[in-house]
Amino acid sequence: MNELPGTDSQPRETMIQMRNVVKRFGANEVIKGVDLEIHKSEVVCIIGPSGSGKSTLLRCMAFLAEYDAGEVFVGGELLGYTHDRNGQRVRASEPEINQVRRNVGMVFQQFNLWPHMTALGNVREALRRVRRMDKQGANAQAMKTLEKVGMAHKAQSYPVQLSGGEQQRVAIARALAMEPHIMLFDEPTSSLDPELVGEVLQVMKQLARDGMTMVVVTHEMGFAAHVADTVVFIDDGRILAQGSPEAIFQGEQHPRLQQFLQNYLERNAFWAR
Amino acid sequence: METLLSMLSTLPLLAGAAFATISISLVSLVFAFFLGTGICAMRFSRVAPLRWLAIAHVRFFRGVPLLVQLLMLYYLLPSFGINLSSLAAAIIAISVCSSAYVAEILRGGFLGIPPGQLEAARMLGLGGLSTLARIQVPQALRLTLPALVNEVILVIKASSLVSVVGVAELTRTAQNIAASTYKPLEIYFLVGAVYFVINILLARLGVLGERRLAKAHQS
Amino acid sequence: MTFDLTILTHNAGAILGGFGVTLETWISGVLIGILAGLAIALLQLSCARAVSGALRAYIEVVRGTPFLIQLFFLYYGGPSVGLSLEPVTAGILGLGVYGSAYFAEVFRAGFRSIPPGQLEAGVCLGMTRWQMVHRIMLPQMLVIIVPSLCNTIIVLSKETAVLSVITVPELTGVLTGIGSLSFAFLEVLVALCLGYLTLVELTAWFGRWVERKVGHFMLR
C-alpha cells in the first residue's frame, strides 16, 4: 500500500529478479521454473497451500535454498553463482554471496533469535561484527530500531522472557538495523498465538508505509488484501496467478486459487475492506 | 566396628592419595578438553581426510578399553625407545581416551543448536568465525555442560585403573593398605566411599554451575 | 620393528580361550545386569518411598564408585564375610552388579518416556498396574531405549578387560601374559585392539539393526 505520486509512467527499479528458477530436493522438483520481479517499495505477498513451495521460493531469493537452475538477480547482481574462467557457472563463495545479498534482510517463522543474548544484544550483534560499528554507535542504532518496533522498553530482556509477538518484533528490528533495501518475511506470524499476530502485522504495515520493499510469504489474507501491492499465488511449484489484491481476490480466478480461497474462507471472512 | 575405627587412622594416607587421584584426573581432563576440541573441529572440517581422521580417533579410543590403552602406552613404547614414567603414561592414556568422548560430547552440543539461528546469522552477514565464536560456542558449552560434568566423574573413576601401572593414587594406596593390614573388605569399602564422596561433590558443583549459567542467560 | 604373527598363531588356543572367557563373562554379566536392572526399575515404579529410596542409593553408589574397587571389594573382601569366589564368578557378579545400576537407569528413563495420558486411559479402562506395564509401557519403551541399552552393553564389553586385574583369564589377561613372556607387545596389542574393536563395532551394528527392525512397527 504505497502511494507513490507520479510513478505510473516511471518504470520502477527492479530489486529482485527471478528468471526461470528451478529448485529440486533430491528427485522432487519443488520450484518448477518461476519468473518473478520485485520492484522498489513494492509489497509482494506470496500465498498458496502447504507444500506449494512458497517458502522455498523466498529462501531462493536469499540463497538459503540453493536453486538449481535459472537466475536470481539481487540489485542487478547474480546471487549465489559466478562464472569461472571457462564461463561455466559455479557456486559462489560465502563472501561473494554475502556481498550480493548485503542489502537483503530476512525474518523467519521461528524468529531465530539467539537465546543467550538480550534483545539489544541480538540487534546490535551484526552492527558490531559486520558493520564494525563502535559500541556506542551500535547501541544507539540498535535502540533506535527497537523503538521503531516498539520494543525499546524490553531491550535488556532475553528472548525466553518475551512473548512470541515480542520476539518476532525484535527479530524484525535485528534485520532492520542493518538498513536493508529489501526485507523478506517467511510466514512471520504463523508461529504466533492469534492475539499476538496483530502487533507484528502492525510493525510490518508501518514498514510498508515507510516505503520498504517487502516480500512476504503469509497466510494472513487480510494483510495481503490491505497492504500488498501485488499478490502472487503459487501452487505445486508454479505461479498460477499474480496481480493486485483486487484482481486476485475479487477478479476472475484460476480454479486452484478459487479452491484455495474457498478453503480459507470457510474458516475466515476477510473481504471487509 | 572397631576395625572400621582403626581404618580411620589410614585417612591421612588416603587424603594424600585422593589428592593424587584428583590431580591426575584434572590434568588429564584439561588435556582431553583441548585435544577433544581439536578433534571436534576436525570432525566438522570441509577437508574429508581430516574428518576421517577425527572419526577414526573417536571410534578407536572409544572402542578399545582404557586399560588396554594404558598398557599399550606403558609397555609398548619402550620397544620404540620411549620410556615413560607410570605417571606420564597414566595422564597421556586418560587424556587421549577422554578426548574421544569430549569430542563427541562437543559435537552433540554443536549439532543441538537450531539451524535457524545460523541462517539468521548468515542473512545478517556474520562470517563463519563470528558465528562460531559468538553464537555457536556459547550455546554448545551450555548444552554440553551436564555431559562434560559426567565426563569428569567418569575420569575420576577411570583413574583407578592407573593403579595397574603403579601410580600411587587412591586404588593403589588401597591395595597397599589392604596388603599390610589384611582387611581388604574394610579398606575397599572406605576407599569406595572416598571416591563416592568426591563424585557426589563434583555432581553438586556441576548442578550449581548449570544453574548459574541458566540464570544468567536462557535457552 | 618387526611384526611377528607367529607369536599369536602359536598361542592361538590360549588366545581363543581368553576371548571365550571375555564373551562368557560379558554376556553373563549383561544378562544379570538387565534382569536385575529391570527388576530395580519396576520396584522403583511401584514400591514404597523407603524401598525406592534404598534402590536409588544403590544405583548412585554403584555408578559413583570405580568398577575396579567394586571388583576388589567382591573378590578380595568377600572371603572376610565367607564369600570366597572364583575369579570368573566374581567377575560375572561384579559386571552384573555394575551393569544393573546402569540398566536400571535406562529402564527408568524408558518408563518416564511414556506419555502419562496413556496410563490414564489404561486406568480408566480398569487395567491393572501389571497389565499397563506389560501391555502399554514395555512394548513402546523397547524402541526408545534400544540405543541406551546398546551403549551400556558396549560399556560392559570394555569393562571385561578390567577383570584381568583380578586374574580372570579373559582376552586382556591372556594376551598381556603372552606379551610379558615374549616381549611381543606390538603383536599382542594389535590383537587386543582388533578383538575389542570387533566386539564393539559388531554390537553397535547389531543395535542399529534392532532399532530399525523394532522401530518398523512403531511410527515415531
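Quick summary incoming for the structure in this document. (Residues numbered from 1 in each chain as written. Chains lettered and ligands numbered in written order. Predicted model: local features only at pLDDT ≥ 70, side-chain atom pairs only at ≥ 80, totals over all residues. Heavy atoms only, no water.)

Observations concerning the interface of chain A and chain B
How large an interface is tends to be reported as the accessible area lost when its parts come together.
Right, so step 1: Facing 27 residues of chain A, the contacting portion of chain B comprises 20 residues.
Right, so step 2: When the area that chain A buries against chain B is broken down by residue, the three leading residues are A:Trp114, A:Pro115 and A:His116, summing to 29%.
Right, so step 3: In this assembly, chain A and chain B are joined by six residue pairs in polar contact (both at pLDDT 80 or more).
Right, so step 4: Listed by contribution, the elements that provide at least two residues to the side of chain A that touches chain B are helix 1 (54-62), helix 2 (94-100), strand 8 (104-107), helix 3 (119-129) and helix 5 (164-176) of chain A.
Right, so step 5: When grouped by side-chain class, the residues that make up the side of chain A that touches chain B number 16 nonpolar, four polar and seven charged. (Contact = heavy atoms within 4.5 Å. Buried area = accessible area lost by both parts, 1.4 Å probe. Polar contact = N/O pair within 3.5 Å; in protein donor to acceptor, adjacent residues only side chain to side chain. Helix = DSSP H or I, 4+ residues; strand = E, 2+ residues; numbered from the N terminus. Nonpolar A, V, L, I, M, F, W, Y, C, P; charged D, E, K, R; others polar.)

Side note on the sheet that holds strand 3 (residues 43-47) of chain A
Residue and element names in this part refer to chain A.
Right, so step 1: Taken in spatial order, the six strands line up as 8-9-10-3-11-12 in an open sheet, and their pairing is mixed. Two strands close off the open sheet at either side, each with one partner strand: strand 8 and strand 12 (238-243). The average angle at which neighbouring strand axes cross in this sheet is 15°, direction not considered.
Right, so step 2: Taken together, the four bridges between strand 3 and strand 10 (residues 213-217) define a ladder with parallel strand orientation. (Pairing = 2+ DSSP bridges. Axes fitted to C-alpha atoms, helices over the stretch in contact; angles between N-to-C directions.)

Brief notes about the pairing of strand 11 (residues 230-235) of chain A
Residue and element names in this part refer to chain A.
Right, so step 1: Counting buried residues along strand 11, six of its six residues qualify, which places the element largely inside the surrounding structure.
Right, so step 2: The side-chain alternation of strand 11 yields two buried faces, one formed by Thr 230, Val 232 and Ile 234 and the other by Val 231, Phe 233 and Asp 235.
Right, so step 3: Sheet topology note: the strand 3/strand 11 ladder contains four bridges and is parallel. Within the sheet, the bridge partner assigned to Cys 45 lies in strand 11 and is Val 231.
Right, so step 4: As paired strands, strand 11 and strand 12 are joined by five bridges and run antiparallel to one another. Opposite Ile 234, over in strand 12, you have Ile 239 as the bridge partner.
Right, so step 5: Between strand 11 and the antiparallel strand that follows it, strand 12, lie two residues; Asp 236 among them carries a positive phi value of about 50°. (Buried < 20%, exposed > 50% of the residue type's maximum accessible area, 1.4 Å probe, protein only.)

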